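Coordinate inspection notes
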Amino acid sequence: MKANIISLSILSLILVYSCQQESNSTANQSNPNSTENRIPAPSPLTFQIIRTLAHDTSAFTQGFLFENGQLIEGTGLERHTRINRIDTSSAKVEVLKSNYDNDIFGEGITILNNKLYQLTYLNNKIYTFDMDNLKQPSATHTWQNEGWGLTHDSTSLILSDGSSTLYYLNPENMAIVKELKVQDNLGSVDSLNELEYVDDHIYANQWGSDFIYKIDPETGYVVGKLSFEGILELYDKNFQPDPEKVLNGIAWDPENKFLFVTGKNWPLIFKIKIN
């Protein structure tokens, strides 16, 4: 009788242990992305439109920035790649550079330490120009991936290649010094395009969407989103939506705290103030 009691006790312990293991296994399987689930949803960011400026509709905007009171724009498409300067009062466009090889498809641009850096889409090249002489690059570096958007944090260049990864590069030799995976509460955020560094955060267009993402450069988490859904159609009744004419262009005026926002072949540039 005593032996039977001992056997039953051992059997009960085995059953309890098995149930616990099964419960733990089920819990792990039901929550494979527990880290992602802990990321807070990005906050919706509101803004005021201060004014609009005319934008050259032939400009396939790839890079956009604010420098010395003017907008600098890099455009793309083969045989249409150029660098423009746009007067923020009159919207007059001055072409600063257009003499590229016919196969060059320009992408993102940024200016750091009086040098202009320009990506190319599929050409695997990053150009460095001295701002005092944009006729020919002072250096050309190889980049192994596609080139999409470009900005900087005063130390490193920050590059997007259409994925959910942002690459921090040494501006002297384009060596990768850091990789940042961008994600929100739903998972990875890919198709990151034109970039701008704004008050210690990275702002990014997402290709094909009406959103601008505000990204924490320490974690890669999206902490805020601006929506431009329907705004261009509201301000220009004649605009015909097109899959290529997408939101793509963020330029930051750090002194006055304005963002200038535009898109590929858009008729307007929006000057906005984030609330």
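Residues numbered from 1 in each chain as written. Predicted model: local features only at pLDDT ≥ 70, side-chain atom pairs only at ≥ 80, totals over all residues. Heavy atoms only, no water.

1. Brief notes about the overall build of the chain
A count of helices and strands for the chain gives three helices and 23 strands. Counting across all 275 residues of the chain, residues that qualify as buried make up 46%. Summarising the internal contacts of the chain: among those between residues at least 6 apart in sequence, 50% fall at separations of at least 24. As displayed, the chain offers around 14000 Å² of accessible surface, 48% of which is attributable to carbon and sulfur atoms. (Helix = DSSP H or I, 4+ residues; strand = E, 2+ residues; numbered from the N terminus. Buried < 20%, exposed > 50% of the residue type's maximum accessible area, 1.4 Å probe, protein only. Contact = heavy atoms within 4.5 Å. Areas by Shrake-Rupley, 256 points an atom, 1.4 Å probe, with all protein chains shown as cover.)

2. Examining the layout of surface pockets
Roughly 360 Å³ of internal volume is contained in the largest pocket. Taken together, 22 residues form the lining of the largest pocket, with Phe 66, Ile 111, His 152, Glu 196 and Tyr 197 sitting closest to its centre. Among the elements of the structure, β3 (61–67), β7 (106–112), β11 (150–152) and β17 (192–198) are those that each provide at least two residues to the lining of the largest pocket. Among the residues forming the lining of the largest pocket, the class breakdown is twelve nonpolar, five polar and five charged. If you add up the space inside the second largest pocket, you get close to 180 Å³. Lining the second largest pocket are 15 residues, with Asp 210, Glu 233, Phe 239, Lys 245 and Trp 266 sitting closest to its centre. Looking at the lining of the second largest pocket, its residues break down into seven nonpolar, three polar and five charged. (1 Å grid on protein atoms, 1.4 Å probe; cavity = no way out; pocket = protein on both sides within 12 Å on 5 of 7 lines; lining within 4 Å. Points joined across faces, edges and corners; volume = space filled by probe spheres on them. Nonpolar A, V, L, I, M, F, W, Y, C, P; charged D, E, K, R; others polar.)

3. A few points about the packing of aromatic side chains
The full count for this structure, using the stated rule, is nine aromatic pairs. With centroids separated by 4.7 Å and ring planes inclined at 15°, the aromatic side chains of Phe 47 and Phe 228 adopt a geometry described as stacked. With Phe 47 in strand β2 (residues 47–54) and Phe 228 in the loop between β20 (222–227) and α3 (231–235), the pair connects residues that are 181 residues apart, well separated along the chain. Of the two residues, Phe 47 and Phe 228, neither departs from the other in class, the shared state being buried. Aromatic side chains Tyr 100 and Tyr 127 sit 6.4 Å apart centroid to centroid with 45° between the ring planes, which places their arrangement in the tilted category. With Tyr 100 in the loop between β6 (93–97) and β7 and Tyr 127 in strand β9 (residues 125–130), the pair connects residues that are 27 residues apart, well separated along the chain. Given the relative accessible area of 12%, Tyr 100 is considered buried. The ring centre of Tyr 100 lies 4.7 Å from the NZ or CZ of Lys 97, which sits over that ring. One residue, Lys 271, lies across the ring of Phe 258, its end atom 4.4 Å from the ring centre. (Phe/Tyr/Trp six-rings, centres within 6.5 Å; stacked < 30°, edge-to-face > 60°. Lys NZ or Arg CZ within 6 Å of the ring centre and 35° of its normal.)

4. Examining the sheet that holds strand β21 (residues 247–253)
An order of β2-β23-β22-β21 is seen for the four strands of this open sheet, with the pairing classed as antiparallel. Each end of this open sheet is capped by a strand with a single partner; those strands are β2 and β21. Neighbour-to-neighbour, the strand axes of this sheet turn through a mean angle of 25°, independent of strand direction. Taken together, the seven bridges between β2 and strand β23 (residues 268–274) define a ladder with antiparallel strand orientation. Each residue of the ladder has a partner; that of Leu 53, found in β23, is Ile 269. (Pairing = 2+ DSSP bridges. Axes fitted to C-alpha atoms, helices over the stretch in contact; angles between N-to-C directions.)

5. Observations regarding the pattern of salt bridges
Applying the stated rule across the entire model yields four salt bridges. Of the charged contacts in the structure, one is a salt bridge between Arg 82 and Asp 56, with a shortest N-O distance of 3.2 Å. On the criterion of sequence distance, the pair formed by Arg 82 in the loop between β4 (70–75) and β5 (83–87) and Asp 56 in the loop between β2 and β3 is long-range, its members being 26 residues apart. Relative accessible area serves as the criterion here: at 13%, Arg 82 is assigned to the buried category. (Salt bridge = Lys/Arg side-chain N within 4 Å of Asp/Glu carboxyl O.)

6. Considering the environment of Glu 229
Within the fold, Glu 229 resides in the loop between β20 and α3. For the pair formed by Glu 229 and Leu 247, sequence separation is 18 residues and the distance between their alpha carbons is 9.5 Å.

7. With respect to the pairing of β3
In regular strands, side chains alternate between the two faces of the sheet. Burial runs high along β3: six of the seven residues are buried. When β3 meets β4, the two strands line up antiparallel, connected through six bridges. What sits directly across from Gly 63, in β4, is Gly 74. As consecutive antiparallel partners, β3 and β4 are separated by two residues, and within that stretch Asn 68 has a phi angle of approximately 55°, a positive value.

8. Section: the sheet that holds strand β10 (residues 139–142)
The four strands are arranged β7-β8-β9-β10 in an open sheet whose pairing can be described as antiparallel. The open sheet has two free edges, formed respectively by β7 and β10, since each of these has just one partner strand. Put simply, the sheet's adjacent strands are angled 20° from each other on average, direction ignored. Pairing of β9 with β10 involves four bridges; the strand directions are antiparallel. What sits directly across from Thr 128, in β10, is Ala 139.

Structural measurements only, silent on function.
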